[in-house]
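Chain by chain, the residues run as shown.
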Amino acid sequence: MAVDLRQLQRNDLEVLLTSAGDGSSLDDTPWRVLVVDNYGRDILAPFFKVKDLRECHITLHFALDAPRDPVPMVTAIYLCEPTSANIARIGEDCVGQLYDHVMINFTRPVTRRLLEMLAEKVRPLPSVDHIRVVERPLGFVALQPSLVTLRDPQAFALLNSRKTGDAAMTAELDRLASSIADVVVCSRALPYVAFMKFGPVPDLAERVMSRLVDSLRDDVFATAAVASALPSRPLLLILDRSCDLVSALHHPFSYQGLLYDELGAKLNKVDLPAAKAAAASSQAAKPAASPALSSSAGATTVIEIDPVEDVFLKRNALLDFGDIGEHVERELADYKREYDEVRGQQQQEANAEDADGGVVVNGSDDPSSSSTSDTAVARLLVHAPRLSERKRSVDNHGMLTRVLLKSVKEQRLDAFHGVEAGALRRGELDKATLFELLSTESVDLGHRQRLAVVVLAAMASKQSEQAQAELERDVLAALAASAAPAGGSVAPAEAAGAPATAAKSKGSSTSSPLPAYDMVVSCRQAVAIAGGRAPGGSSGSGGGTTTGGGWKLAESLARGIAKSFGRDAGERLPIARLVEHFLIPEGKSYRAGQRGGAAAGGGGGRGGGGAPSATASDVPFLDMLQIADPRAAIAGASSSATTGASSSSSAGGLLGSLPPNQADALLHATRFDQVFVVVVGGGSAIEAEELGKLEVQLQQKLDAGTAGGTLYGASPAASGPRIVYVPSELLTGVEMIGQLNALGSEGA
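Computed from a prediction, not measured in an experiment: that's the story for all the values here. (Residues numbered from 1 in each chain as written. Predicted model: local features only at pLDDT ≥ 70, side-chain atom pairs only at ≥ 80, totals over all residues. Heavy atoms only, no water.)

*Asks:* Hey, could you run me through the sheet that holds strand E2 (residues 58-63) in this one?
*Replies:* Strands sit in the order E2-E1-E3-E4-E5 across an open sheet of five strands; the sheet is parallel. Strands with a single pairing partner mark the edges of an open sheet, and in this sheet they are E2 and strand E5 (131-135). Strand-to-strand, the axes of this sheet are offset by a mean angle of 20°, without reference to chain direction. Bridge count for strand E1 (residues 32-36) against E2 is five bridges, and the pairing is parallel. In the strand pairing of E2, Val36 is matched with Ala63. (Pairing = 2+ DSSP bridges. Helix = DSSP H or I, 4+ residues; strand = E, 2+ residues; numbered from the N terminus. Axes fitted to C-alpha atoms, helices over the stretch in contact; angles between N-to-C directions.)

*Asks:* Explain the environment of Gln256 to me, please; I cannot follow it from the model alone.
*Replies:* Among the secondary structure elements, Gln256 is positioned in helix H11 (residues 255-261). Not counting residues up to four positions away in its chain, the partners in contact with Gln256 are Gln144, Ala317 and Leu318. (Contact = heavy atoms within 4.5 Å.)

*Asks:* In this structure, what is going on with the packing of aromatic side chains? I would like to understand it.
*Replies:* The description of an aromatic ring pair uses the distance of the two centres, along with the angle that the planes make with each other. Counted according to the given criterion, the structure contains five aromatic pairs. Measuring from ring centre to ring centre gives 6.4 Å for Tyr78 and Tyr99, while their planes differ by 70°; the resulting arrangement is edge-to-face. Separated by 21 residues along the polypeptide, Tyr78 in strand E3 (residues 75-80) and Tyr99 in the loop between helix H4 (84-95) and strand E4 (101-106) bring together distant segments of the chain. By relative accessible area, which is 4% here, Tyr99 ends up buried. Consider the rings of Phe253 and Phe321, whose centres lie 6.3 Å apart with planes at 80°: the pair is edge-to-face. Taken together, the residues span a long stretch of sequence, with Phe253 in the loop between helix H10 (246-249) and H11 and Phe321 in the loop between helix H13 (311-316) and helix H14 (324-357) at a distance of 68 residues. For the pair Phe253 and Phe321, one class covers both residues: buried. Within the aromatic cluster, the residues linked to one another by ring pairs are Tyr192, Phe582 and Phe672. Here the basic side chain of Arg10 rests over the ring of Phe48, its NZ or CZ set 4.6 Å away from the ring centre. Just above the ring of Tyr192 sits the side chain of Arg233; from NZ or CZ to the centre is 4.1 Å. (Phe/Tyr/Trp six-rings, centres within 6.5 Å; stacked < 30°, edge-to-face > 60°. Buried < 20%, exposed > 50% of the residue type's maximum accessible area, 1.4 Å probe, protein only. Lys NZ or Arg CZ within 6 Å of the ring centre and 35° of its normal.)

This is the structure in structure tokens:
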């Protein structure tokens, strides 16, 4: 059964906030304060406004590192990461006796060394009975029921940098493993764990499995969830960003995509600079900001976007931005009509009272008018909160669309999207527009670099080596010429005389014209080696020359990516196609470009003159996956006869590995109720959009119903989305191109 991870995390946070810390009930402890570090604040911000905190009896909230005065006779609830600095500050608070009772909630497992440090800090106290320490599975933030972030924006850079030492690499993998395990623990459902045999993912998967096994031994998961038969158990799918970097760079053009990619929405908030907000407000009333825990201050306007309650966002998130302006106007007209109806009803009641009792309308001194007038006012007040919230939503989206429209015009985002989609969809490159965009210095360099990388990567499998080399030379030269005056990271034009890949193969010491493209090529070659089963089983770390089946796989992936973009494309993005494989049986697949798209309310099954259904060999990355079962890891010898599994098997010795026949059945013939899609290294807005459209189509099928009341074995009573996107962080394309440039420069 699919679960709503956002609601579950909110429930867990409510339990945390309503815990008294001294064993008393909520009603016995009306006065409590909340102390958070930046990470704790970020976890709470998408769920709780100040009024919500009041309902949990939180009367004051403070930053952990801010000066604070003693507040006697209250319980203090701390929510923070287990770091040396945080523990030192908490120790100072305890010794200073700022609060009568202290409940310390760490957002991830705390080490023995840090616990000993805390014990040392509070040693001067005569007693520590008033102090409690709790580890909470809060290493993530559920922004939407279908979107979760691990709050690790530098994961890709750390895991792929040559400068990352062993200690830093171990710490990063442990941090990611802890956060992924927290997502699973919060879901209360024990999943199968499928992971990509590439890069650092196998090592990460082993750490995740170890934590899940520990949680299973501690009876964290519900017995019913552990013992239930397929397809009730979900699938935890752990993928590497390096396998599809193009999706992370492509310019989106949906409303939600632009909110994330262009305005940089984080934690369900958009921070608009004062100048942009003022310009957008010149044509409309400035929206009233709701009080909330917020990290933004100063010369910014913070607009909150509620993925659950915001009806306009839910209706329009996946639509093309070109349609949004009309929808905002329609929403405003609907609001005005509803407001006029409420006001008209009040006026009619006042007129009726005037006709019955001879009372003067619009203010009468006759006492007989008070009853009906009070009733009319009361009815208006009943509607007022809803109308006020609707007006605030319309104003907010009106401001956001005006800011986005200005960015689209100034940065020509529609042209970027169009050129990239054309190259990726059919290999039809609009060279005139391409070179015009690359040469436009008024457009941000990050956008132009993204365009260059996407186009070069898309065209690599669609033309001869000579044509590709010429395109690389011309694109890099145009980009370098326009970037040189601005001091961009692209080398001067004279350094772009030869293609980047050719320069690297010759061992040139000249700095690369576009390091990000070198990094993309290197990652693609590494994927090809891994997929081609190179001698020694190496997963590759970049560079080198690929041969045989490996390079054929790389070309196949490139063609798959190329077919995946665009409104008229018959294929999804690679990751979306893989997820679709685990949710829908072969022969039942439906694509965005067939029988109507998600936004158009289509989504029928294949049939008639449609394309033939995909086979397992057509599913991206499927042959690079390995699957394990936490339950098999602890089954031991006593259950090996019935389960056919042990804590370690011949499949690489990974904890919980399954025999080949069972693993093959799970990967190729099993359909799951829910898939948690973890992308290590960062997610993208357009990937979230693709998975969102697939979710819409799945839900339409569920709503329509099928024979027997289920959809391909899925539970019709699912309470949450069937696809949960879990990137280490949802990065903008500019953020990703920056990390790629930095990593590519390391190998120059």
